[in-house]
Amino acid sequence: MDLNYTPEDVAFRKSVRAWLEQNLPRNPIRTLEERRVWHRRLYEGGYLGMGWPKAYGGGDARPMEQAIVADELARASAPAPTNGLGLGIVGPTIVVHGTDAQKTRYLRKILAAEELWCQLYSEPNAGSDLAALRTRAEDKGDHFIVNGQKTWTSAGSIADWGLLLARTDPAVAKHKGITCFLINMRQPGIEVRPLKQITGSSEFSEVFMTSARVEKTDQIGRLGEGWAIAQTTLGYERGGRALARITSYASQYGRLVEVARRLKRHGRPLIDDPVIRQKLGRIWAELEVERYGALRTLTLLERGEHPGAGGSLTKLSYSEFEKRFMEMAMEILGPYGQLTEGAPEELRLEIDTAVGEQGTWAYAFLWSRAGTIYAGSSEIQKNVIGERILGLPKETRADRVGGAR
Amino acid sequence: MNFSFSEDQVLLRNSVRSFLDEHCRPAHPRAMMDDARGYDPALWNEMAKLGWLGLPVPEQHGGAGLGLVELCIAIEELGRAAYPGPYLATVVLGGLGLLLGGSAAQKDRWLPAIASGEKRASAALMEDALDWDPASTAATAVTAGDGWTISGVKRFVPWAHVADIVLVPARSPEGLSLFLVDPKQAGVALRRMVGIDLCSRWSEMRIESVRVGADAVVGQPGTAGPVLESLLRRAAVCASAEMLGAARRCLDMSVEYAKVREQFGQPIGSFQAIRHRCAEMLLEVENSHSAVYYAAWALEAGAEDAAVAASICKSYVSESARRVCGDSIQVHGGIGFTWEYDLHLYMKRAKALEPLFGDAEFHRELITRHVVGAR
Ligand SMILES: Cc1cc2nc3c(=O)[nH]c(=O)nc-3n(C[C@H](O)[C@H](O)[C@H](O)COP(=O)(O)OP(=O)(O)OC[C@H]3O[C@@H](n4cnc5c(N)ncnc54)[C@H](O)[C@@H]3O)c2cc1C
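Right, let's walk through the structure included here. These numbers come from a predicted model, not from an experiment.

Topic: the site of the ligand
Taken together, 19 residues surround the ligand, and among them Ser122, Ser128, Trp152, Ser377 and Glu379 of chain A come closest. Those chains with residues close to the ligand are chains A and B. Here serine 122 of chain A contributes a side-chain N or O atom positioned 2.7 Å from a nitrogen atom of the ligand. At the level of elements, strand S3 (143-154) and helix H12 (378-389) of chain A are the ones that each hand at least two residues to the shell around the ligand. Of the residues assigned to the shell around the ligand, the class counts are 9 nonpolar, 9 polar and 1 charged. Both domains that furnish three or more residues to the shell around the ligand are identified here as domain 2 (117-222) and domain 3 (240-404) of chain A.

As for the pairing of strand S2 (residues 140-144) of chain B
All names here are of chain B. Where S2 meets strand S3 (residues 147-158), 5 bridges bridge the pair, whose relative direction is antiparallel. Residue threonine 140 lies in a different strand from S3, and its bridge partner there is serine 151. The turn joining S2 and S3, which pair antiparallel and follow one another in sequence, is formed by 2 residues; a positive phi near 65° is taken by glycine 145.

A few points about the interface of chain B and chain A
Counting residues at the interface gives 49 residues for chain B and 48 residues for chain A. Of the roughly 4400 Å² buried where chain B meets chain A, counting both sides, 63% is carbon and sulfur surface. On the chain B side of the interface with chain A, the three residues burying the most area are Met1, Arg275 and Trp297 of chain B, jointly 19% of the side's total. Our enumeration of links across chain B and chain A arrives at 7 salt bridges. Two residues, arginine 291 of chain A and aspartate 305 of chain B, come together in a salt bridge whose shortest N-O distance is 3.4 Å. Between chain B and chain A we count 26 residue pairs in polar contact (both at pLDDT 80 or more) in total. Counting only elements with at least two residues in the side of chain B that touches chain A, the list comes to helix H7 (224-260), strand S9 (266-267), helix H8 (272-301), helix H9 (306-332) and helix H11 (360-372) of chain B.

About the cut-offs
Within any chain, residue numbers begin from 1 and follow the written order of that chain's sequence. Following the order in which they are written, the chains are lettered starting with A and the ligands numbered starting with 1. Predicted model: local features are reported for residues with pLDDT of at least 70 only, side-chain atom pairs are reported and counted for 80 or more only, and whole-chain, interface and lining totals are derived from all residues. Excluding hydrogens and water, the side-chain values take into account all heavy atoms of the structure. Consider each residue's heavy atoms; a residue with any of them within 4 Å of a molecule or strand counts as near. Under this definition, polar contacts are N or O atom pairs within 3.5 Å; protein pairs additionally need one hydrogen-donor-capable and one acceptor-capable atom, and for neighbouring residues in sequence, both atoms have to be side-chain atoms. Secondary structure is summarised from DSSP: a helix means a run of H or I of at least four residues, a strand means a run of E of at least two, and numbering begins at the N terminus for each. Here the nonpolar group is Ala, Val, Leu, Ile, Met, Phe, Trp, Tyr, Cys and Pro; Asp, Glu, Lys and Arg are the charged ones; every other residue, Gly included, is treated as polar. For the domain bounds, the source is a domain assignment made automatically or taken from a database. Pairing between strands requires that DSSP locate at least two bridges from one strand to the other. In this analysis, two residues are considered to be in contact whenever any of their non-hydrogen atoms come within 4.5 Å of each other. Accessible surface is computed with a 1.4 Å probe, and the buried area is the amount of it that two parts give up when combined, taken over both parts together. A carboxyl oxygen of Asp or Glu within 4 Å of a side-chain nitrogen of Lys or Arg is what we treat as a salt bridge.

Here is the structure:
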């Protein structure tokens with residue numbers, strides 16, 4: 001056990017910090033184009049697709065280097081690159097399961113943000129029970145024709161391409177008849193309708209596919225292998241962001257402490273109130289415990305091991321923590337916490353929110369409700385932990401027999 | 001960066017576990033509940049032979065010279081076995097206390113005796129102020145000849161009734177000082193304080209004008225503050241390791257039970273209410289593991305955040321262990337509430353350690369002080 005960073009890691013961290021000092025955008029990013037510019041600068045710096053093969057534009061970097069870069073970006077409150085799903089989910093899926101031709105065709109364009117991606121998994125009737133999805137892909141000889149509806153598609157409204165799960169064989173058991181595809185979103189058969197979230201913004205959409213076309217060369221893996229592929233994609237992103245996530249929480253915590261110094265109740269700064277101090281102490285303890293957990297995850301990744309079902313513990317832990325953190329921040333800030341406008345300026349209530357932008361506590365609080373739903377809800381994670389780590393019996397389920405339909 | 005046990009550390013854990021599985025089955029703590037001493041000297045000697053009593057004691061003093069991580073590994077296993085005996089009191093409070101503050105002569109005299117199992121020790125850190133902050137010490141040490149006369153009342157002194165020496169903080173003219181007091185000495189009165197964990201022994205310790213010599217002061221008079229703070233941190237982390245062991249045992253028993261106990265024609269573990277509870281218990285146990293071993297490493301390595309890590313550890317594990325042990329009783333239903341069933345041994349151990357060396361609230365205030373500055 002040695003929790004010190006190696007001299008190489010320390011030196012690498014320094015070089016990233018120096019680069020950021022030089023290159024960090026001076027002004028807040030407002031348009032997608034500005035974000036692409038920033039994205040490309042990051043890529044040219046060697047800080048995107050770090051773990052991908054060099055042959056396809058990646059950096060063959062170690063997990064620790066990836067974690068350090070993400071961590072330094074968070075420390076500097078750097079804006080996020082665009083193409084989060086391309087970088088986090090789609091690229092890694094192509095790296096692991098794609099053909100050489102697919103890697104050559106797609107990976108560099110993801111890294112350069114020339115093509116933006118979305119993930120077309122969830123459907124109105126297939127959320128947690130993703131394998132119940134009904135979108136059909138029919139084999140037409142040299143291509144597939146896709147019909148169906150997806151929903152909660154993040155970045156759907158800006159995406160050029162989508163990573164799609166569709167049913168290719170309705171006759172077999174539901175997990176077995178699903179195939180994974182890459183689908184061009186810029187075609188007449190695809191209609192995207194943005195959905196407004198509780199945050200008031202529209203990061204996700206509904207996607208309707210009517211006789212949309214997928215090339216045969218855009219099938220990922222074998223026919224019927226889609227479910228297995230989807231299982232592997234969910235875990236890709238977590239390790240690299242392990243530390244960065246905590247660092248973002250820590251910088252938000254720093255803001256909370258500053259406000260607690262300025263905000264007074266009965267003329268006394270909140271920071272002097274023992275009840276508030278208990279809350280602040282509790283958040284910091286939990287936050288640090290999350291950081292220790294991230295270091296354990298990184299230890300595994302550095303040894304080339306995959307956290308496997310252990311990833312469910314990590315995800316459950318930090319997403320539930322984020323909710324508690326934001327709830328406690330709301331308690332500490334009182335009614336000010338809910339403001340999206342009109343707070344006394346001297347309180348300086350603005351923070352970095354989950355999406356890496358300057359925002360409000362209210363916005364961050366609302367976003368904290370999403371983490372325990374997407375990428376496998378907390379309940380699903382607990383099922384996985386119970387069954388796969390603890391070896392508890394599976395529940396009796398009505399769908400464990402028979403075909404998909 | 002490597003947050004995992006080395007091969008040697010895994011070996012240590014396995015050997016402690018297999019020894020305790022054989023020699024400290026639940027029948028053992030049960031047998032010790034009515035024992036006047038509360039521990040088995042034969043087992044104590046075995047532990048000495050295995051080198052456990054001198055784990056953190058430097059080799060020159062007859063110990064193994066290992067660090068806090070190894071010590072926590074052993075103590076976690078003791079918690080897992082609900083081991084009844086003055087281990088934490090002797091090795092941590094006494095041994096680490098002397099290591100942190102003792103003079104060369106004191107170390108020469110006491111550390112080999114601790115490592116060999118010949119002597120037992122403790123520390124009297126709590127008074128009526130109910131504050132673990134050493135600055136709250138009210139006991140006094142008045143200069144008398146070349147020594148002192150000590151008076152004061154200490155509460156919750158672990159295993160004082162079998163200790164050969166107790167570290168006693170008191171205010172001397174030089175400031176806060178730490179003294180070695182023989183609890184069997186005239187003027188010292190011990191009264192048993194019986195808690196729900198009959199395998200954890202505490203005493204009230206009344207010290208009335210007890211004369212001690214010049215060699216009784218630990219280190220230099222007036223310098224005890226930092227020593228006691230360091231000791232408190234280590235004791236808090238070691239107690240957390242023991243709570244973690246107790247919690248892990250409760251989790252393991254719950255998971256096993258949930259696999260075999262059937263109701264409504266199926267194992268109760270197939271009900272989500274039970275399965276999800278077990279998953280949450282595992283989450284808290286794993287997070288507690290992180291908190292304990294991070295803090296142990298940080299203290300050993302002298303990391304910048306060592307002090308706050310110790311408080312994070314104690315505040316987090318105190319509450320998690322309580323929840324996990326409590327939940328394990330719920331998972332078991334009626335049988336979990338019986339004296340016959342072993343769960344309560346571990347649940348009570350965790351409970352007994354929860355307030356010691358600072359409860360969650362005490363340490364949360366320290367955390368806030370570290371992070372945002374003093375009030
Ligand atoms: C902000 C956001 C972004 C998203 N982005 C994308 C995206 O880009 N692409 C995409 O494909 N999807 C995306 N999703 C969808 C997300 O993956 C689903 O919402 C999620 O899988 C849950 O499915 P559902 O919404 O249908 O809820 P349901 O599955 O209907 O769940 C409703 C409730 O029932 C519980 N539940 C369900 N099954 C079980 C069970 N077996 N045991 C116990 N409890 C159960 C759930 O935990 C939940 O509490 C996004 C979601 C959000 C919130």
